[in-house]
Amino acid sequence: EGSPGGDERPGMKQLFEVGSDRLSRGPVSFAWSPNGQFIATASCQLRLLVHDRKGNLHDEIQIPGRAAPGQCAAVQLAWDRRSEKLALLTAASKPGIGDAVVVYKVRQREAMRLENVQMAKELTHIAWDPQGHVLSVGTAKGNLLLYDTRIGKTMSIMGKHTKGITCGAWSADGRLALGGDDKQITVSLGNGDTEFQLAVKDKPKELQFAPEASSGGSLAATKRLNQISATLSGGQSSIYLYRLGEFGEDPPDIRNPAELRFDPYYGKIKSHHWAGAGYLVVCFDSGQCVLCRMEGGEMEQELCNLQPFTGAAAMAMKTAFCADIGRLAVFSGPTVKMIDVSNGDLTENTSDALEFSVKCEVTCLGWSMEGQVLTVATSDGELYTFLASLPNLCRAFGDRCAYLTSLLEVTVADVSLNKLRAVAIDQEPVFLALGHQHVAAGMNNQAWFYCVGPPEEGLEYPPERVNQREYMGSVDEVSMNDTLAAVRSEGRVNVHVIEHNNDPTESMDFQLPAADITSVAMTRDFLVYGTASGNIVYYYLPGRTAVSEYRHEVEGVECGIVKVYPNQLGTRCAFIGFDGVAMVYNPVSNQSYPMPEVGSTVQAILWDVHDPNTVVVATGAEFQVYTFADVTINGSMVEAVGSHPQMPGAFPVLFSLGKVTCQVPGGRIHTELLSTHAPLVDPERPTNGDRGRDRFVAALNMNRLQDAWEVATQMQMPEMWEQLAHRAMTHMEIEFAIRVYRFVGDASMVMSLERLEHIEDKDMLAGNILILFERDDCYDMAQELFLRSGRPQAALEMRKDLKHWEEALELAKTADPSQLDDICREYAGILESRGEHDAALELYERAVKYPDQSDKELARGNAGIARCLLHLGDVRRGKIIALDSGSEQLCRECADICEKLQQHEDAAQLYERGGEYEKAAAIYIDTKLFHLARPIMQKVSTPKLHARYARAKENEGKLKEAADAYELARDFDSVVRLQLEHLGDPDKAFALVRMSRSVDGALMCAKWCKGEGAAADAIEFLLIGRKVDEAFQLARERGEMDLFVTSLGDGGTPEDYRRLAKFFEKENDPARAGDMYAACGERAAAVGAYLRDADKPGVLDKAIDVVGEARDDSLTSTLVDYLMGESDGVPKDANYLFRLHIALRDYDAAAKTTVLIARRLAKFFEKENDPARAGDMYAACGERAAAVGAYLRDADKPGVLDKAIDVVGEARDDSLTSTLVDYLMGESDGVPKDANYLFRLHIALRDYDAAAKTTVLIARQEQEMGNYKMAHRQLFDAHRELTGEGRRPPPDLTESLMLLHSYALVKLRVKRKDHTGAARLLRRVASSIDKFPAHVVPILTSTVIECQRAGLKRSALEFATRLMQPEHRKQIAEAYKRKIETIVRKPDRTEAEAEASPCPMCDATGSEWDLTCDSCAGVIPYCVTTGKRVRKGEWARCPECLFPCNAGDFVDVVAQEKACPMCSREVSLSAVHPLDDPLATIGRGSKVMNEANGVHGMNEE
């Protein structure tokens, strides 16, 4: 026992020997018949011996001529292809020359000497044509003789060559190539006519036709061979390759052969052999054997070389090659060596080498029977025949195979157990069969049956013969199951019990009725056979009846069956027809299915023993693996899995668990794992990387969904889940598909598939699955399946949902006519949008004719008719329908069409009816239809239209209407002109000028006022009209200087104010003069003027302000002297002195003054019962306890508690702090105060942790109530307070602020048409929706809508699915509910990845919306204008709130919005610029700068 897949080869066994006593000593010549049945042998004696394959003498004939010592009586022996005739060229006196030809018929045992040939002297070469009918004979004179055995005549062709013919060969297509001593090669047709004559460099010594390769790489059995290779004598190291072409072709390069030149190191060429298509073995006198790869008639590569002999032995080396087994025999002296030629390599097989007596030499060697027999002749007259390889006999059943290991021994191998069992047989077999527990072997009409035991006994059962049977005719095929044998003989099949003991009388034998059976196979219960008439029959053995019959036809014509291959259970049967096509037959449905991509060359078909749906097809070049899928959306089908190269010469017999067991040349068996199954072997190995992907693909291709699931769960690759779900759906494994989609969280697909679970009709189910694939070709297939299942309504609904209106219209005619009106309208709308108005009008008119329609449906149809009529030029009808409809929308649509058609008046009327008054008015004015425009001008808001209308009315003289129109057009100058010059309403003109501040209007009014003597008004309008000098003169003349000053305000020049100061000096009004001096910047003059009129209220305050601005010692001394009474001996109020110190920023002096004043005022306010103001004074003078007490007594007043907090914060006194905390907590009055006061107190006391906790609590309360702006402001203020104090805000505060600010930015991004940004921000907010309990549904709805609009389909589906939960579904606004349901029902998971942005701290790339770096774990600040992470090169800060931003984005937003989105303060854009080193303000890694807004662990989701 040993391994069934072992590669050991025993040494060759000798079959028989013909000794020198029969042949005589000396050279021996022999030739095997092509069928291997006979060997003809000639020696020095004048007789020819013919033996059979067992060495028995078949015949002995006399050879004419005279015997010559040391010379073989036969120069050449040649068998015809049919092994019926042997041609013998008898030896003459000259070596290598013959003088007669004898033809011997082996079956008849008749020999005939060709008389006509005898007349030609010195014969050199004989050969049979491919059909074996014509014998060619060459002569030493260069003549050619053709002997036709069918008619017994010889045709002579004189002068074929000018010198002797030395070699020749027939091609498979019937051409004869001859080489001669005249250095010519002739190629002749079968009738002897020369087709080509080729000149060569030297005398040819060997000619061979090269095999041609088919497209598949295997030898083409039917293709004409049209290449000839030639070896020349004279020491050449080259082979010449001529490409002849087909009959009738003119080969272009026939005169320029391809020269295969070899390295001179190899020496002279002795022989060459074609090792199949594409390989050439060349042998040299140096003993080197070289293997070359050929391509396109040229040598592509020298693959390898081997030197079996060296020295003198190499010079004498000869070769014989057998292409069938790829073996080269080389011999020299008494030694024969074997070289295997396979897989592009030369390997010496030392176990099969032969060594004879050193006293003799091997003179001749030859192969027979496809390399099974090797015969060797020696110089001492001995002939030895060896068994070189066994016949390729091998059969399989289950996991067992039986093959021939010697001529009288069969070995049974169990590939699953790796065990062997040898079975001795009675006679050399021609056929084998293997059953459940029996082996059959036999030849001709006899068969022997041996029991080897059932598989469960593991080949431990000792083999024994259990039966021997003889049949009426020669056995063609035997098939067995566990008890019965089916024997096919001459078209009939006989069935009998295998073991004789079970039926000694053979009474249970029976014969099948068919008489043209071509193939038979058995399973446990069925006998399956095919016939020449094209029938495949399943015969039920227990009932002895046919249960299924299929007729194979090709284009309606019956096609016979070559071979049937049922699987182990008989549930599927592969077969090959006479047309060469391989198919799979399903006996349940009685249907056959083609195997895709199988060529016409099929060597064998094998079903996997353990997988009844997997089958492999062997073509000779490769194994093609298929699976049979009984249920798919396309029906039952055979699916290609893949291919695997097939070892040359290997014949497959068994397919089990992805392993193919083949019988290879030499009779051995070889098992190899197919590449299609290799990834599925050894599931215990880790599944990752490429191995995991290969395993997944293999499992999917083999429809092993569970294996694919296990790989996908380990790999977790989205594409794997997608492919697995798709395969499950295509094979209608609904439960498995639901399992996959549920695992990946695709709720919409789970819901969709769950609705299909109850469908039992396969066509209906397949149609619904195809819809889910959302492809146009799938929709067509789905419709076909719906119609096939008798559900046209389902097809109609599908087309309507897809808006395939043309198909829906056709379906509705038969499926549901009540929907024709709706479909017509929808389809017409599509056609109308394409501009196909004729077709659209026809459909709209058809739609309104259908009965039982609502008013709304009829209105839609009529609206379409109106639009299409207008497009087609029927304006009158279209306009009437639009006006009669009462629809403003339709009127606007029709008006737009009319306007494009240049039908202006009709367009204007329709615009007016449709509420588009501005467009109507514009058309009326353009067409000068002012009477039609007048009624609607009050409804027009566009100034330009009013201006055009006003000018038209003014030209008509209708000034009142013109003035009103000018006013609506905001052309106030024209209104002023008309009112003053024509309409006599100056008050309205004055009011318009005062409102508009128009210079031209003001001058018109001033002119009119001066004419009317209204000086005051004239002064006012002159100043508005920028005529200051003229206004001043008029004011001085008319005594209206106060009015002038009031009207001038702050808009004068220094010269204007200086002039006014001098005027007031003259008028003895120092205080007002001082005001004018101060306005023009002459502070000394202003102070002097003020002090001269200091008794007036407020004048001293003005003087103090001027001195404070001037900071001039002289002015200060002047004012101090005045206040101290130095000038007039009267000290002034100390408050003035305090104010002066403050204005001069002399705070110490001011403080001393203030304390005195404050203490005195505090006492005063206490008496006045004003505790709050008293507290201010106590605080000013530093008496904080008194101040806090006073504040708390008047705490109800606004702002008082804030003052108390400020005082306690400055004091840092535990007693004061405790007093204030007790008050705020309600300890004193039982009323707790607003928590904001407590926050401010903690800030004032610098207890930042407590302050932060307080503000987060406050903001959370506001946020939960939906007061997001208040919560944002609370958190922002706290953030500013904390960072302003140099403290880092806690993470919960910054995170809450980030979420609220992200939500606030949504409106800004939508306003700027940045829907992607809005969607990303809403996605961030929605991921923390639990922090927005007051608006869960609105926020989720906005998220879905924006994500859908931005193309984030997967995110939209995610949040739409959440909205569909019962607790939210009823709260969805009706306007969006249908759209959200559609998103869930028809999911689209496409979503582009967010743009990448480097981390500003470590430069690792990540999503620009992720605020945490996955590489350095750092927290990345976000831009306050976009919500994205800041970029290092653009990192800037808001000048007001110092929050980070990207400079470009910030400037872009602030330029339009005028304020920072975070702090809402106006910002100077010039102050915004990228920071030189933003990282200098933050810690490396994950710590964020104090001013930054980092959010811990927050990414987009």
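Everything that follows concerns the structure shown earlier in this document.
The paragraphs below set out a description of the structure included in this document. Everything numeric here is computed off the predicted structure, so don't read it as measured data.

1. Topic: the overall build of the protein chain
Okay, so step 1: When helices and strands are counted, the protein chain shows 49 helices and 65 strands.
Okay, so step 2: For 1501 residues, the compact-globule estimate of 2.2 N^0.38 gives 35 Å, and the protein chain exceeds it by more than 25% at 56 Å.
Okay, so step 3: Once the C-alpha set of the protein chain is aligned to its principal axes, its extents read approximately 180 × 85 × 75 Å.
Okay, so step 4: Of all 1501 residues assigned to the protein chain, the portion counted as buried reaches 52%.
Okay, so step 5: Considering only contacts in the protein chain between residues 6 or more positions apart, those separated by 24 or more positions represent 44%.
Okay, so step 6: A total of about 68800 Å² of accessible surface is found on the protein chain, and carbon and sulfur atoms cover 47% of it.
Okay, so step 7: Separation between the mean location of the 169 positive side-chain charges and that of the 218 negative ones in the protein chain comes to 2 Å.

2. What about the sheet that holds strand S23 (residues 279-284)?
Okay, so step 1: Strand order across the open sheet formed by four strands is S22-S23-S24-S25, with antiparallel pairing between neighbours. In this open sheet, the two strands that pair with only one neighbour each are strand S22 (269-274) and strand S25 (298-306). Within this sheet the neighbouring strands show an average axis-to-axis angle of 25°, counted without direction.
Okay, so step 2: Judged from the seven bridges that link them, strand S24 (residues 289-295) and S25 form a sheet pairing that is antiparallel. Bridged to Met294 within S25 is Met299.

3. Examining the packing of helix H45 (residues 1336-1350) against helix H48 (residues 1374-1385)
Okay, so step 1: Close contact between H45 and H48 brings their axes to 11 Å; oriented N to C, the two are set at 60°. Helix-helix and strand crossings are classified by hand; for H45 and H48 the assignment is left-handed. Residues Thr1341, Val1344, Ile1345 and Gln1348 of H45 lie in contact with H48, whose contacting residues are Tyr1376, Lys1379, Ile1380 and Ile1383.
Okay, so step 2: Taken together, the residues that form the contact of H45 with H48 break down as five nonpolar, two polar and one charged.

4. Here's the deal with the side chain of Gln1263
Okay, so step 1: By the element assignment, Gln1263 lies in helix H41 (residues 1248-1264).
Okay, so step 2: Using a relative accessible area of 7% as the deciding quantity, one classes Gln1263 as buried.
Okay, so step 3: Aside from chain neighbours lying at most four places away, what touches Gln1263 is Tyr1268, Ala1271, Leu1300, Lys1331 and Phe1332.

5. Some details on the pattern of salt bridges
Okay, so step 1: Counted by the stated rule, this structure contains 58 salt bridges.
Okay, so step 2: Arg825 is the salt-bridge partner of Asp822, the closest N and O atoms lying 3.8 Å from each other. Here Asp822 and its partner Arg825 are both found in helix H13 (residues 820-834), three residues apart, which amounts to about one turn of the helix.
Okay, so step 3: For Asp822, a relative accessible area of 24% puts it in the partly exposed group.
Okay, so step 4: Across the pair Arg867 and Glu893 runs a salt bridge, and its minimum N-O distance is 3.1 Å. Highlighted residues: Arg867 in helix H15 (residues 855-871) and Glu893 in helix H17 (residues 888-900), separated in sequence by 26 residues.
Okay, so step 5: According to the relative accessible area criterion, Glu893 is partly exposed, its value standing at 26%.
Okay, so step 6: By sharing partners, the salt bridges in this structure join Asp821, Asp822, Arg825 and Glu857 into a single network.

6. Describing the nonpolar core
Okay, so step 1: Counting 90 residues, the largest nonpolar core has Cys1005, Phe1021, Met1041, Phe1044, Leu1060, Phe1064 and Leu1119 as the members making the most contacts within it.
Okay, so step 2: Leaving out residues up to four positions away in the same chain, Phe1021 has contacts with Phe990, Val993, Arg994, Ala1002, Cys1005, Ala1006 and Cys1009.
Okay, so step 3: Membership of the second largest hydrophobic core comes to 78 residues, among which are Met717, Phe736, Tyr779 and Ala840.

7. Quick word on the environment of Asp80
Okay, so step 1: Positionally, Asp80 belongs in the loop between strand S6 (74-79) and strand S7 (85-91).
Okay, so step 2: A relative accessible area of 0% places Asp80 in the buried class.
Okay, so step 3: Taking the C-alpha atoms as reference points, Asp80 and Ser789, separated by 709 residues in sequence, lie 65 Å from one another.
Okay, so step 4: Look past the residues within four positions of Asp80 in its chain and what remains in contact with it is Pro34, Lys85, Trp128 and Gly132.
Okay, so step 5: A distance of 2.9 Å separates the side chain of Asp80 from the backbone nitrogen of Glu84, its partner in a polar contact.

8. Section: the packing of aromatic side chains
Okay, so step 1: Applying the stated criterion across every chain yields a total of 20 aromatic pairs.
Okay, so step 2: Seen in terms of ring centroids, Phe1276 and Phe1443 are 5.8 Å apart; in terms of plane orientation they differ by 40°. Their pairing is tilted. Taken together, the residues span a long stretch of sequence, with Phe1276 in helix H42 (residues 1268-1284) and Phe1443 in the loop between strand S64 (1435-1437) and strand S65 (1444-1446) at a distance of 167 residues. Each of the two residues, Phe1276 as well as Phe1443, counts as buried.

9. Comments concerning the state of the cysteines
Okay, so step 1: Counting across every chain of the model gives zero disulfides.
Okay, so step 2: A disulfide-free cysteine, Cys868 has its sulfur positioned 9.9 Å from the sulfur of Cys894, the nearest such atom.
Okay, so step 3: Cys1416 forms no disulfide, and the closest cysteine sulfur to it belongs to Cys1413, at a distance of 3.6 Å.

10. What to know about a positive patch on the surface
Okay, so step 1: On the surface, Arg755, Lys803, Arg1378, Arg1385 and Lys1386 cluster together into a positively charged patch.
Okay, so step 2: Mapped onto the fold, Arg755 is located in the loop between helix H8 (747-754) and helix H9 (762-773).

11. A look at the sheet that holds strand S4 (residues 47-52)
Okay, so step 1: As summarised here, the arrangement of the four strands in space is S2-S3-S4-S5, forming an open sheet in which the pairing is antiparallel. Either end of the sheet is taken by a strand with one partner, and the two such strands are strand S2 (29-32) and strand S5 (57-62). Put simply, the sheet's adjacent strands are angled 15° from each other on average, direction ignored.
Okay, so step 2: As defined by bridge partners, strand S3 (residues 38-42) adjoins S4 across five bridges and the pair is classed as antiparallel. Bridge pairing links Ile39 to His51 in S4.

12. A short note on helix H10 (residues 776-788)
Okay, so step 1: Taking 1.5 Å of rise per residue, the 13 residues of H10 would be expected to cover 18 Å, and the 19 Å separating its terminal C-alpha atoms lies within 8% of that figure.
Okay, so step 2: Burial in H10 covers these residues: Cys778, Tyr779, Ala782, Gln783, Leu785 and Phe786. Along the axis of H10, the buried positions cluster into a sector of 165°, meaning they face one direction only. Relative to its buried face, H10 has exposed residues pointing more than 90 degrees away, namely Asp776 and Arg788.
Okay, so step 3: Looking at the buried residues of H10, the elements they touch are H9, helix H11 (792-801) and helix H12 (805-815).
Okay, so step 4: Following H10 by one or two positions, Gly790 has its phi on the positive side, about 80°.

13. Brief notes about the environment of Ala907
Okay, so step 1: Within the secondary structure, Ala907 is located in helix H18 (residues 904-913).
Okay, so step 2: On the accessibility criterion, Ala907 (0% relative accessible area) is buried.
Okay, so step 3: Linking Ala907 and Leu1224, residues 317 residues apart in sequence, is a C-alpha distance of 72 Å.
Okay, so step 4: Dropping the residues within four chain positions of it, Ala907 is found in contact with Ala895, Cys898, Glu899 and Ile923.

14. Focus: the pairing of strand S56 (residues 614-618)
Every regular strand shows the same layout, with side chains that alternate between the two sheet faces.
Okay, so step 1: Counting buried positions along S56 yields five of five residues, so the element is predominantly enclosed.
Okay, so step 2: Both faces of S56 are covered, namely the face carrying Thr614, Val616 and Ala618 and the face carrying Val615 and Val617.
Okay, so step 3: Direction of pairing for strand S55 (residues 604-607) relative to S56: antiparallel, over a ladder of four bridges. Note that in S56 the partner of Ile605 across the bridge is Val617.
Okay, so step 4: In this structure, the hairpin formed by S55 and S56 is closed by a connection of six residues.
Okay, so step 5: Relative to strand S57 (residues 622-629), S56 is paired through five bridges, and the arrangement is antiparallel. Note on S57: the bridge partner recorded for Thr614 is Thr627.
Okay, so step 6: Connecting S56 to the antiparallel partner S57 that follows it, the hairpin turn spans three residues, and Gly620 within it adopts a positive phi of roughly 100°.

Parameters at a glance
- Residues numbered from 1 in each chain as written.
- Predicted model: local features only at pLDDT ≥ 70, side-chain atom pairs only at ≥ 80, totals over all residues.
- Heavy atoms only, no water.
- Helix = DSSP H or I, 4+ residues; strand = E, 2+ residues; numbered from the N terminus.
- Rg over C-alpha atoms; globule rule 2.2 N^0.38 Å.
- Buried < 20%, exposed > 50% of the residue type's maximum accessible area, 1.4 Å probe, protein only.
- Contact = heavy atoms within 4.5 Å.
- Areas by Shrake-Rupley, 256 points an atom, 1.4 Å probe, with all protein chains shown as cover.
- Lys, Arg positive; Asp, Glu negative; His and termini not counted.
- Charge placed at Lys NZ, Arg CZ, Asp CG, Glu CD.
- Pairing = 2+ DSSP bridges.
- Axes fitted to C-alpha atoms, helices over the stretch in contact; angles between N-to-C directions.
- Left-handed = near helix turned anticlockwise from the far one by under 90°.
- Nonpolar A, V, L, I, M, F, W, Y, C, P; charged D, E, K, R; others polar.
- Salt bridge = Lys/Arg side-chain N within 4 Å of Asp/Glu carboxyl O.
- Core = buried A, V, L, I, M, F, W, Y, C linked by side-chain atoms within 4.5 Å.
- Polar contact = N/O pair within 3.5 Å; in protein donor to acceptor, adjacent residues only side chain to side chain.
- Phe/Tyr/Trp six-rings, centres within 6.5 Å; stacked < 30°, edge-to-face > 60°.
- Disulfide = S-S within 2.5 Å.
- Patch = residues over 30% accessible without salt bridge, like charges linked within 9 Å, V, L, I, M, F, W, Y side chains within 5 Å.
- Expected span 1.5 Å × (residues − 1).
- Arc of directions from axis to C-beta.

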